[in-house]
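Coordinates in review
Here's the letter readout for the chains.
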Amino acid sequence: QVQLVESGGGLVQAGGSLRLSCAASGSIFRINVMGWYRQAPGKQRELVAVMTSGGSTNYADSVKGRFTISRDNAKNLVYLQMDSLKPADTAFYYCNCNLKPALCASWQDYWGQGTQVTVSS
């Protein structure tokens, strides 16, 4: 069983910062991509930022230059530093991992329960 636990969400004023953390635990053989997605009310879930085990990153255009993703491969942790937050960043943020739970298993996607980020104007 694999668990992803997010933390760090909350309420912040526009222009402020928040740092999200996600810890992956359980039956994990190898993790490929770790990242963050978000879903605002009435909208589809969208990619925010992802990072491969080798350090390659991909960001949504809307967060480039404001958000920074990082990870600790040894501890199966991924972070999202969010600066210069805007009301449009308000959403439920989900951690995602693409991993193998065992050597002979296929690559699988796992999701955390999510954490709310609210940016007031």
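Residues numbered from 1 in each chain as written. Predicted model: local features only at pLDDT ≥ 70, side-chain atom pairs only at ≥ 80, totals over all residues. Heavy atoms only, no water.

**What to know about the state of the cysteines**
Heads up, the condition is: Criterion for a disulfide: a pair of cysteine sulfur atoms within 2.5 Å. The helix count covers DSSP runs of H or I at least four residues long, the strand count covers runs of E at least two residues long, and both are numbered beginning at the N terminus. Whether a residue is buried, partly exposed or exposed follows from its accessible area with a 1.4 Å probe, protein chains only, as a fraction of its type maximum: under 20%, in between, or over 50%, in that order.
Using the criterion set out here, one finds one disulfide in the structure. Each sulfur in the disulfide pair cysteine 22 and cysteine 95 lies 2.1 Å from the other. Because the sign of the S-S torsion sets the handedness, a value of about -80° for the bond joining cysteine 22 and cysteine 95 places this disulfide among the left-handed ones. Placement of the pair is cysteine 22 in strand 3 (residues 18-26) and cysteine 95 in strand 9 (residues 91-100), with a sequence separation of 73 residues. You'll find cysteine 22 and cysteine 95 in the same group, each marked buried.

**What about the pattern of salt bridges?**
We count it as follows: Salt bridge, as applied in this entry: a Lys or Arg side-chain nitrogen positioned within 4 Å of an Asp or Glu carboxyl oxygen.
In this structure the tally under the stated criterion is four salt bridges. In this structure, glutamate 46 engages arginine 38 in a salt bridge whose closest nitrogen and oxygen atoms are separated by 2.7 Å. Arginine 38 gets classed as buried once you look at its relative accessible area, which sits at 6%. A salt bridge links arginine 38 to aspartate 89, with the shortest nitrogen-to-oxygen separation between them at 3.0 Å. With arginine 38 in strand 4 (residues 30-39) and aspartate 89 in the loop between strand 8 (77-82) and strand 9, this pair connects stretches of sequence that are 51 residues apart. Look at the salt bridges and you will find they share partners, linking Arg38, Glu46, Arg66 and Asp89 into a network.

**Notes on the pairing of strand 9**
Put simply, the rule reads: Any two strands with at least two DSSP-identified bridges between them are counted as paired.
Counted residue by residue, strand 9 has nine buried out of 10 residues, so it is predominantly covered. Pairing of strand 4 with strand 9, which is carried by nine bridges, proceeds in the antiparallel orientation. Within strand 9, the residue paired with tyrosine 37 across the bridge is tyrosine 94. Pairing of strand 9 with strand 11 (residues 115-120), which is carried by three bridges, proceeds in the antiparallel orientation.

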